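As a plain string of letters, each chain reads:
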Amino acid sequence: MIAELKCIGLLGIDAFLVTVEVDLSLGLPAFEIIGLPDGIVKEARDRVRSAIKNSGFKFPVRRIVVNLSPANIKKYGTIYDLSILLAILKADGQIENVDQESIFLGEVSLGGKIGRISGVLPIVLSAKKLGFKKFFIPKSNTEEAALVRGISVYAVENVKELAHMVSKDYESKLTPEPVTEINVKSFRSSSDFCQVKGQYEAKRALEIAAAGSHNLLMIGPPGSGKSMLAKRISGILPDMTLEEIVDVTQIYSVAGELGAENPMIIRRAFRSPHHTISIAGLAGGGSIPRPGEISLAHNGILFLDELTEFVRNTIEVLRQPLEDGIVTISRARSSFTYPCCFMLIAAMNPCPCGYFGHPRRPCVCSKKAMKQYLAKISGPILDRIDIHVEVPAVDFNSISSNDGENESSDIIRQRVINARIIQTERYKNIGISYNSKILSSDFNNFFALSDEANKILKLAFEKIGLSARAYDKILKISRTIADLEQSETIKEDHVAEAIQYRSLDRKYWLRS
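The following paragraphs examine the structure supplied in this document. Numbering of residues starts from 1 in every chain and runs along the sequence as written. Local features in this predicted model are restricted to residues of pLDDT 70 or higher, and side-chain atom pairs are both shown and tallied only at a pLDDT of 80 or more, whereas totals for entire chains, interfaces and linings draw on every residue. Excluding hydrogens and water, the side-chain figures rest on all heavy atoms present in the structure.

### Points about the packing of aromatic side chains
How two aromatic rings sit relative to each other is set out by the distance from centre to centre and by the angle between their planes. Pairs were defined over the aromatic rings of Phe, Tyr and Trp, the Trp ring being its six-membered one, requiring ring centres within 6.5 Å. Orientation was assigned from the angle between planes: stacked under 30 degrees, edge-to-face over 60, tilted for the rest. Tallied over the entire structure, the rule returns 7 aromatic pairs. Centroid distance Phe-136 to Tyr-154: 4.9 Å. Interplanar angle 20°. Geometry classified as stacked. Placement of Phe-136 in strand S8 (residues 134-138) and of Tyr-154 in strand S9 (residues 152-156) is noted, with a sequence separation of 18 residues between them. Under the scheme applied here, a residue whose accessible area is under 20% of the maximum for its type counts as buried, over 50% as exposed, and between as partly exposed, the area being computed with a 1.4 Å probe on protein chains only. Taking the relative accessible area as the measure of exposure, Phe-136 reaches 0% and is therefore buried. With relative accessibility at 1%, the residue Tyr-154 sits in the buried group. Helical segments are the DSSP runs of H or I of at least four residues, strand segments are the runs of E of at least two, and each set is numbered from the N terminus.

Laid out in structure tokens, this is it:
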């Protein structure tokens, strides 16, 4: 007897159709799984055998061959367990009327319970594109799948229940309507910009970075508040749209970082890996490549504190992701591509001792030590960080002040939202939403400079010796500053402010 069911396999967040074929034949009892399965898929033999017996069915005493087609693509994970089990029961005639247009997903336990799996959201999204509309998935995965519209999701808890559902009663387990709107208003951070004393220039730079999704580097001595400022930037970013939530949740689903308590990601990520992180931990990798920190920060923030303490090769991995917004991990038989469109916020001390330029504590670093320290950050990486801002030591008057004039995060956030609305409307026909993502070829279409602004920009390019990338960054930052002021034209003061955010490399990296 031969039976087959459809399933979906995963390569990263990319899914592909898999046909689960089962052949029961005479001969010595055996149970084989072919079709390039990995070790976890092969272990399904023991899980499925025990689950069938402990759910009140008879395990066929025959030669069983399960083929996962196409056989030239590696199969990973436990997502095939349920399809294999049902196909065996169908081939043996113990279950009939199994819908060929349904997708069955889930890990089975030895006792017949159907457990949570990773990657349900990208699987359902891909299967929907292939024309499938009915999905039988573990109960703990249903809220995740409900992010997809136009499908029917059936929650199953054990094999007995599933056998009853496929033959008699579908609709009793149909999940609620798909999610169309998510309320995130209750998730405001308790860390507010109004709590930060002084550091007005740094707060202004963070506002500009948030408004245009620009990368930012803060340089300052220990205790100046760099980490504190970075952690507050989440409070001035707009809420994620439903489309962004789906994109991010896909990545966390594949990474196995969703659970019954957090079935979807509704807040922008703030990822802050330790400086000992490996290249695979940052960019993604492993024998079965999983998303790294840069992908888990998608549509959010990647904060690298003590940037110079990271291994240089690890930092260099950021070059291509910062430009393209994707990272591809290649293996012998396949490649995995993950999105990684994030804001990079980095912080570092100005020198090894941390006190270069400090008004009260002298720097004790030699010139050689300074060069070695700063050389950890290469020119190409520095060029890809749009905004460089100095965070000086806070004086006593600023830190002890109670003038109450500090703006709250809500006020700053509203300006950021207004600026982003302008950008979304401006770029709606070219598929981007932020000034930081626009290509230089489109500058003439969207960047209108006043004559005075153009003169200042030309003078800066000639006198400072800007690179082509630095020139582009200044124009993008100027556009964001103009958007914060709701000005259609980039003016002289907008360019002048943008230039100052590209001058710290002259003070540190190019210092004689």
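Still to come is the rest of the account.
### Points about the pattern of salt bridges
When their charged atoms lie close together, side chains carrying opposite charge are able to pair. Any carboxyl oxygen of Asp or Glu within 4 Å of a side-chain nitrogen of Lys or Arg constitutes a salt bridge here. Under the defined criterion, the tally for this structure stands at 21 salt bridges. With its nearest N and O atoms 3.4 Å apart, the salt bridge here joins Glu-144 to Arg-116. In this pair, Glu-144 is assigned in helix H5 (residues 142-145) and Arg-116 in the loop between strand S7 (114-115) and helix H4 (120-129), connecting sequence segments 28 residues apart. The buried category is assigned to Glu-144, whose relative accessible area is 1%. Look at Arg-116 and you get partly exposed, because its relative accessible area is 25%. The network of salt bridges with shared partners includes Glu-257, Arg-271, Arg-290 and Glu-293.

### Observations concerning the sheet that holds strand S2 (residues 14-25)
If you walk across this open sheet you meet the 4 strands as S1-S2-S4-S3, and the pairing is mixed. Each edge of the open sheet is held by one strand with a lone partner, namely strand S1 (2-11) and strand S3 (30-34). Shown here is a sheet whose adjacent strand axes are inclined to one another by a mean of 20°, direction ignored. By the bridge criterion, 5 bridges tie S3 to strand S4 (residues 63-69) in an arrangement that is parallel. Whether two strands pair depends on DSSP finding at least two bridges between them. To obtain each axis, a line is fitted to C-alpha atoms, and for helices this fit is confined to the stretch in contact; angles are then taken between N-to-C directions over 0 to 180 degrees.

### Brief notes about unusual backbone geometry
Cis geometry marks the peptide bond from Ser-69 to Pro-70; its omega dihedral reads 10°. The residue Pro-70 is located in the loop between S4 and helix H3 (81-91) in this model. Although it is not a glycine, Gln-199 sits at a positive phi angle of roughly 55°. By the element assignment, Gln-199 lies in the loop between helix H6 (159-167) and helix H7 (200-212). With a relative accessible area of 7%, Gln-199 lands in the buried category. Phi angles above zero are rare outside glycine, and Gln-486 is one such case at about 55°.

### Notes on the side chain of Asp-81
Within the fold, Asp-81 resides in helix H3. Polar contacts, as used here, are pairs of N or O atoms within 3.5 Å; protein pairs need one atom able to donate a hydrogen and one able to accept it. Residues neighboring in sequence count only if both atoms are side-chain atoms. In terms of polar contacts, Asp-81 uses its side chain to reach the side chain of Arg-47, at 2.7 Å. Contact criterion: two residues are considered in contact whenever any of their non-hydrogen atoms come within 4.5 Å of each other. Once you skip the residues sitting within four places of it in the chain, Asp-81 turns out to touch Ala-44, Arg-47, Val-48, Gly-106, Glu-107 and Val-108.

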